[in-house]
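Next come the chains, spelled out residue by residue.
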Amino acid sequence: MIDNPKTGMTLIVKTITRLTVGLILLFGIYIILHGHLSPGGGFAGGVIVALSFVHLMLAFGKDVAISKVSKNLASNLESIGALMFLSIALLGFLGGSFFLNILPKGTPFNLFSAGIIPLCNIAIGIKVGVGLFAIFLTLVIVEKSK
Amino acid sequence: MTLYFLCLMLFCVGLYGVLRKRNLVKIIVGLGIMEYAMNLFFVLLGYRFDGRAPIVARDQNILNMVDPLPQALVLTSIVIGLAVTALIISIAIRIYEKYGTFDITKIKKLKG
Amino acid sequence: MKAIDIIPLFVIIPLAAAFLISLVGRFIKRSSEVIIFISSLALLGLSLYARFLLNSAPGKILVYKIGGWAPPFGICMVMDGLSSFMLVTVNLIAFFVAVYSLSYMNQYTDKPKFFTLFSLMVCGMNGVIITGDLFNLFVFLEIASIASYALVAFGTEAEELEASFKYAIMGSVASAFIFIGIAFLYSFTSTLNMADMARILAYKQNAWVIPFAGVLFLMGFGLKSSLVPFHAWLPDAHPSAPAPISAMLSGVLIKTLGVYSLVRVFFNIIGSTHGYLGILMFLGVVSMLVGVVLALSQWDLKRLLAYHSISQIGYVVLGIGLGTPLGVLGGLFHLFNHSVFKSLLFLNSGSVDYAAGTRDLKETGGLGKLMPVTAKTNLAASMAIAGIPPFNGFFSKTIIIIACLQKGFTGYAICAVIGSILTLSSFMKVQRFVFLGEVKDKLKNIKEAPFAMVFSTVCLAIICVLGGLMLLPSLRFFLDDAVSVVLKGTSYAGVVLEAASK
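Just so you know, these numbers come straight off a predicted model, no measurement behind them.

Cut-offs and rules
- Residues numbered from 1 in each chain as written.
- Chains lettered and ligands numbered in written order.
- Predicted model: local features only at pLDDT ≥ 70, side-chain atom pairs only at ≥ 80, totals over all residues.
- Heavy atoms only, no water.
- Helix = DSSP H or I, 4+ residues; strand = E, 2+ residues; numbered from the N terminus.
- Expected span 1.5 Å × (residues − 1).
- Buried < 20%, exposed > 50% of the residue type's maximum accessible area, 1.4 Å probe, protein only.
- Polar contact = N/O pair within 3.5 Å; in protein donor to acceptor, adjacent residues only side chain to side chain.
- Salt bridge = Lys/Arg side-chain N within 4 Å of Asp/Glu carboxyl O.
- Contact = heavy atoms within 4.5 Å.
- Buried area = accessible area lost by both parts, 1.4 Å probe.
- Nonpolar A, V, L, I, M, F, W, Y, C, P; charged D, E, K, R; others polar.

**Points about helix α12 (residues 301-322) of chain C**
Residue and element names in this part refer to chain C.
Right, on to step 1. With 22 residues, α12 extends 32 Å from end C-alpha to end C-alpha; this agrees with the ideal 32 Å at 1.5 Å per step.
Right, on to step 2. Among the 22 residues in α12, 22 count as buried, and that is most of the element.
Right, on to step 3. N-cap assignment for α12: the residue whose side-chain oxygen lies 3.1 Å from the backbone N of K302 is D300.
Right, on to step 4. Where α12 terminates, the next one or two residues include G323, which has phi positive at roughly 80°.

**Re the pattern of salt bridges**
Right, on to step 1. Under the counting rule described, the total for this entry stands at 16 salt bridges over all chains.
Right, on to step 2. The residue E33(C) makes a salt bridge to R30(C) at a minimum N-O spacing of 3.0 Å.
Right, on to step 3. For E33(C), a relative accessible area of 12% gives the class buried.
Right, on to step 4. A salt bridge links D236(C) to R303(C); the shortest N-O distance between them is 2.8 Å. A residue pair is termed long-range when its members are at least 10 positions apart, and D236(C) in helix α9 (residues 234-240) and R303(C) in helix α12 qualify at 67 residues.
Right, on to step 5. Given the relative accessible area of 6%, R303(C) is considered buried.
Right, on to step 6. Salt bridges here are not isolated pairs; linked through shared partners, they connect R22(B), D103(B) and K106(B).

**Brief notes about the side chain of N337(C)**
Residue and element names in this part refer to chain C.
Right, on to step 1. In this structure, N337 sits in helix α13 (residues 325-356).
Right, on to step 2. Taking the relative accessible area as the measure of exposure, N337 reaches 0% and is therefore buried.
Right, on to step 3. When neighbours within four sequence positions are excluded, N337 is seen to be in contact with N392, G393 and S396.

**Looking at the interface of chain C and chain A**
Right, on to step 1. Contact with chain C, which involves 17 residues of that partner, is made by 16 residues of chain A.
Right, on to step 2. Between chain C and chain A, the buried area comes to about 1,400 Å², and carbon and sulfur atoms account for 68% of it.
Right, on to step 3. At the boundary of chain C with chain A, the tally comes to eight residue pairs in polar contact (both at pLDDT 80 or more).
Right, on to step 4. Of all elements in the fold, only α1 (9-24) and β1 (62-65) of chain C reach the threshold of two or more residues within the side of chain C that touches chain A.
Right, on to step 5. For the side of chain C that touches chain A, the per-class residue count stands at 10 nonpolar, three polar and four charged.

As structure tokens, then:
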């Protein structure tokens, strides 16, 4: 399916996509994980993760992208991301208040610091990444009802 | 002050698009322009003269930061705008399927 | 958990329910119905419990600091008399509508998606009501609005998509105005907390920003609550939605996003001046008359009800715009009553649609014999909306008219009476063409609606009959606390900040 020359764009685009799509995904994950240290965070990183899948879809055609992340999987992951964010917020009740940052804060500028904020970023990253991809997928595969 | 007026003009361009255009897609584009004008306006309100980006960095003590709050709020507003735009576009696609046109003067099954 | 910890639950429960339904609803049959029933019942119980908790709170106010951050910097949730009043209204209607849609939504294919959007809408409305932060209000307002745009288009028929498109465009323009208003107020006060904003605005008087932001808010919230110059979307959007959603939109959404936010911003933050109140009253009277006159010529049952929503919102805004204790009492009481009887009317129209398959007044007739319960509940709701004495609508309309006369607005009082008479004639038409008369041949073998639908309509009809009892001295606290919050005006700031500092 991937090597089918009839779907998707030309060989040049496909080769370049093969090389870059992993890097784009990795960059998105980096942005998500470093959200509490540098500009970016869950939303920006999630958008980049979604763009890597959109990139795949543009180059290879929609079937390849759907075989990686189907619509149902995207929808389920989106709900899981939202529930994860909510349960992180609910964890604060253990310390006495909704959204309370109960985890140890650590030292600033370390990757493992800032308590629940990196966890929130991961949850938002999952939600935004698959959510945006699901929106794109829905707009692409609208069937003509004639 | 000029910048604020330019924002207002951009907003009015968007509003003109929403109110006067007959094509559904142009209306959606007008809505997008309006949203971006208001986001730009809000970010500009947080600007301080000679201000720097509001990022705390190691070994640096920045005093003249711009106001970070409008930027955070505008991010939220952009996300909301994204959701609304995606929803309206999908509705517009379905309308095209049903009516076979994007012309708003021909889409009038509802009256009264 | 402390007792005050129930305040964020009003947002947590519907949000968790929404995503749980979208996660498990597709795999486990009927799980979506169980989750929505439990969550809406829990919300109703919690809102009543919070009302009684508020009675014992000092100063009748509860402030919840999210994440432990104190108000001017952190986001807080404020529960005062007005919030509690609105919460009870919203969750009461939401519960009965949820029960109703358990049966009604069998006609549609994707029940879990419907309940997900429904929960998100309830979450947005509860958030708007309890938040104490102006930008947070905007975000929750958008959550509720986006969910309602999608719900209006739920049937994906041509008319529904068209109505939803119109509604979404108008709603987004309204949100843009509200956002710019918030931007102006933020640039002027450098804070987003409502109480802190009110405190700063109080000693920075006579600035040109305040009337400017006021006009922007009036346009934005006016569009959301469909006051007359901004009403064009409502008669299309509300009838196109599925009947339970029409009941939610007309019953509580326009009041929460429109009237409640308007009251909160104008009375508690900006401070009500003579000019704003005059504009509000004028818009109220115009909506009242235009809505009812346009309703007279309608033959589609739901479209007729939608025009009456415009008219009745006019009564609410007129009452609140008077600014006197009696006027505000009448306005808020009418808000509650209208939520009850308008959602009941929309649910009845849904029952008629479910049984007879049409809602055109010319094609129905004689349903009174075939659907006796629906006919009786519809009679109760029609008498309530027209203001016939034992029903709740009579008391609130009378209070508004007396308050108008007390303040010397005789013309407005006469307009209110005329509006009421026209409403009565319009609902006599509904009763005549739907429930009385001869049964048409093709409608001979229709049956009464299923139990869940009948249960919620009967409960709402009972509330319609007994609603007037809320004026009894022992039950007056429910209304009086809400009225006192509105009348206290900008001293809201001091009360909230003091409660938050504890």
